[in-house]
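Structural description and commentary
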Amino acid sequence: CAPPDAVVWPQAVGQVQELAALCYRCRVPMVPFGTGTGLEGGVNAVQGGVCFDLSRMDAIAELSLEDFTVAVEPGVTRKALNSHLRGTGLWFPVDPGADASLCGMAATGASGTNAVRYGTMRPNVLNLRVVLPDGRLLHTAGPGRQPRWALGGRAGPGGGRTGTCSPASRRKRAAGYDLTSLFVGSEGTLGFLTRATLRLHPLPEATAATIATFPSVRAAVACTVQVLQAAVPVARIGGCWSLALGPGGRGPVVGLSVASSHPEFLDEVMAGACSRFSGLELPVAATLLLELHGSRHGLAEQQQQAEEIVRLNGGSGLAWAEEVEERGRLWAMRHSAWYAALALRPGCQGYSTDVCVPISRLPDVVVETKRDLQDSGLTGPMVGHVGDGNFHCLLIFNPQDPAEAQRVHAFTQRLGRRALAAGGTCTGEHGVGLGKRALLLEELGQEGLDTLRSIKAALDPHNLMNPGKVL
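Procedures and definitions
Residues numbered from 1 in each chain as written. Predicted model: local features only at pLDDT ≥ 70, side-chain atom pairs only at ≥ 80, totals over all residues. Heavy atoms only, no water. Helix = DSSP H or I, 4+ residues; strand = E, 2+ residues; numbered from the N terminus. Buried < 20%, exposed > 50% of the residue type's maximum accessible area, 1.4 Å probe, protein only. Areas by Shrake-Rupley, 256 points an atom, 1.4 Å probe, with all protein chains shown as cover. Pairing = 2+ DSSP bridges. Axes fitted to C-alpha atoms, helices over the stretch in contact; angles between N-to-C directions. Salt bridge = Lys/Arg side-chain N within 4 Å of Asp/Glu carboxyl O. Parallel < 35°, antiparallel > 145°, perpendicular 65-115°, else oblique. Left-handed = near helix turned anticlockwise from the far one by under 90°. Contact = heavy atoms within 4.5 Å. Nonpolar A, V, L, I, M, F, W, Y, C, P; charged D, E, K, R; others polar. pLDDT = per-residue confidence, 0-100. Expected span 1.5 Å × (residues − 1). Bend = angle between axes of the 7 residues up to and from the residue. Disulfide = S-S within 2.5 Å.

1. Examining the overall build of the protein
- Summing up its helical and strand segments, the protein has 14 helices and 20 strands in all.
- When the 471 residues of the protein are sorted by exposure, 53% land in the buried category.
- As presented, the protein carries roughly 19200 Å² of accessible surface, and 54% of it is formed by carbon and sulfur atoms.

Here is the structure:
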C-alpha cells in the first residue's frame, strides 16, 4: 500500500472545494477515500499527495418517501442508510457485501447480491454533487434537481416529510449528456463525489429462500437462466464457487445462490471451511440458492414455479426458509466466504479479482478457470453471481514467495483475457484500479481508451485526481 504525504478530514463540501483548489494550484495529487473497502488498489497514493478522507461528511438529507429518493454524503454507508430508513417501508438494495460508503460504491460502479432484481449502482444513482479537481462544484443532473419539500408538508414515517415535492424530482430526463453515468465508475479520477441522490425501493412484503442441489454446474446454471426467462421475480441469484486448488486440493463442488446473485463453486476443502465459519452443512454438489421477493399472495405461486424449473433440471432438496433468522444464516455463510478462504492457508494473504461473461459462456469459462488454477498450483476459491455472469477469484498466496506472487499476477491477466475472449468484461464490479489498466485497452480498443483520456484531460488537465488509476 502506497501512503499519501498528508491526510485531511473535511466536514463540509466547502472545505473540500477549498482544499481541492489549494492542491490544484500547487499541483499536488489528490486521492479520495471513503471506507477503504475497494479491491483494486483505488485508494493507494502511488504518487503521494493528499488523501481526502470524506468519512466525516455523513449527512443523510432530502429523504422523499413519495419520490423514493434520498441524498447521502460520502461518510454514509449502506447499512447506515438502511438503518435510517427503518420504518419507512423503503430500502436501498445494492449490496456489495462490505459495509461500503455509498458514494464510494458510486465511484466504483459497485454491484452485488441483489443486482438481478434491483440493478447495480449505475441505474440507482440519480444525481451527484461533484467537487472538480480545481475546486468548482458540479451537479451532474443540474443544481436543485433533488427533491425538496414544500412548506407545510406533513411528517412521514422515519422523520421524512411527505408534502409536495418540487418538479425537480422527476424520474427521467433527456437533457444533454448523461454526466451522472460519467462519474459513476470513474474511481475518483475525475472529481470528489460529495453527495449522491439515490433511488430507493419498496421493501418486499414477503421473502423466501431455498437451497437446491444439481448433478452438475451446467445444470445449475441452466436452471438459473430458465428461472430468469420465466420472469420469476428472483431478488438474488448467487453464492460462492470456491475452488480450493493447489497442493492437497480436491475435486470441485459447486454452490450457486440465487439469493445473492452469486453462483458459487466450492470444492470439499472450501465447503469445510465455510461450514466452520457458518455452522451450516453445505452439500457436496452443485447447489443453487434462490431468494424470492413478492407479495404474500404471489409468493406461493412463485415458489411453485421455481420448484418446477429446478426439478426439470435434475435439482432436488428444496426447502424454503421464510424467517429472517434462517435466511440470515444462509447469507452469513456467503459473506464469510473471504474469511473461510483465508483460513485455507493460515498466515497467507488474499487477492480478489473479478470478471463478467455472458451467462451462456459462464460454465465453460468457470471450468477453464478451474483448470488454469490447477495447472498453476494456486489456491483460488471463487465467488460469483450466476444471474449476471459475474464471478470473483479469491487467490490465497504467500507474499514472501516471489514465484507464487508472479503466478498469481499471470493468472489474473489470463483470467481477464479469457473473459474478453468470451465476449465479457475484465471487471464486472471491482473496477480497473491499478491492476487492470492493460486489460482496459484490450477491452475498449485504442479509440475507446483515447476517448477516456480526452475526458480525463478536459476535467483534470494536470492529472491530479487519483493519478495512476484506470488509465
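2. Section: the sheet that holds strand β8 (residues 137-139)
- Read across the sheet, five strands follow the order β4-β5-β9-β7-β8 without closing on themselves; strand pairing throughout is antiparallel. This sheet does not close on itself; its edge strands, each paired only once, are β4 (60-64) and β8. Neighbour to neighbour, the strand axes of the sheet diverge by 10° on average, direction disregarded.
- Of the strand pairs in this sheet, β4 and strand β5 (residues 69-72) are connected by three bridges, and their pairing is antiparallel. From the neighbouring strand, Ser64 faces β5, where its bridge partner is Thr69.

3. Some points on unusual backbone geometry
- Even without being a glycine, Glu62 presents a positive backbone phi close to 55°.
- Relative to the assigned elements, Glu62 resides in strand β4.
- The backbone of Asn463 sits at a positive phi, close to 55°, despite the residue not being glycine.
- Mapped onto the elements, Asn463 comes out in the segment after α14 (437-459).
- Given the relative accessible area of 37%, Asn463 is considered partly exposed.

4. Concerning the pattern of salt bridges
- Counted by the stated rule, this structure contains 12 salt bridges.
- Between Asp95 and Arg78 there is a salt bridge, with its nearest N and O atoms 3.3 Å apart. With Asp95 in the loop between β6 (90-91) and α3 (102-108) and Arg78 in helix α2 (residues 78-84), this residue pair connects regions lying 17 residues apart in the sequence. Arg78 carries the same exposure label as Asp95, and that label is buried.
- Counted as one network, the salt bridges with shared partners bring together Glu368, Asp372, Arg414 and Arg418.

5. Observations regarding the packing of helix α12 (residues 362-376) against helix α13 (residues 402-421)
- Axis separation between α12 and α13 bottoms out at 11 Å; the angle between their running directions is 160°. Taken together, α12 and α13 sit at an angle that is classed as roughly antiparallel. As α12 packs across α13, the resulting crossing turns out to be right-handed. On the side of α12, the interface is formed by Val365, Glu368, Thr369, Asp372, Leu373 and Ser376, while α13 contributes Arg407, Phe411, Arg414, Leu415 and Arg418.
- The class makeup of the residues in the contact of α12 with α13 is four nonpolar, two polar and five charged.

6. Regarding the confidence of the model for the protein
- Across the protein, pLDDT averages 82, with 85% of residues at or above 70.
- Contacts from residues 147-169, a stretch scored under 50 in pLDDT, to residues over four places away or in other chains number 51 contacts.
- Predicted confidence is poor over residues 239-268, with pLDDT under 50, and the contacts of this stretch with residues over four places away or in other chains come to 189 contacts.

7. Quick word on α14
- For α14, spanning 23 residues, the distance from its first C-alpha to its last is only 20 Å, which falls clearly below the expected 33 Å at 1.5 Å a residue.
- Along its length, α14 shows its largest kink, about 110°, at Gly445.
- Every buried residue belonging to α14 is among Leu439, Leu440, Leu449 and Lys456, and all of these are buried.
- Structurally, α14 contributes buried residues whose contacts are with α13.

8. A few points about the state of the cysteines
- Per the stated rule, a full pass over the model turns up zero disulfides.
- Cysteine Cys26 is unpaired, with the sulfur of Cys23 as its nearest cysteine sulfur at 7.3 Å.

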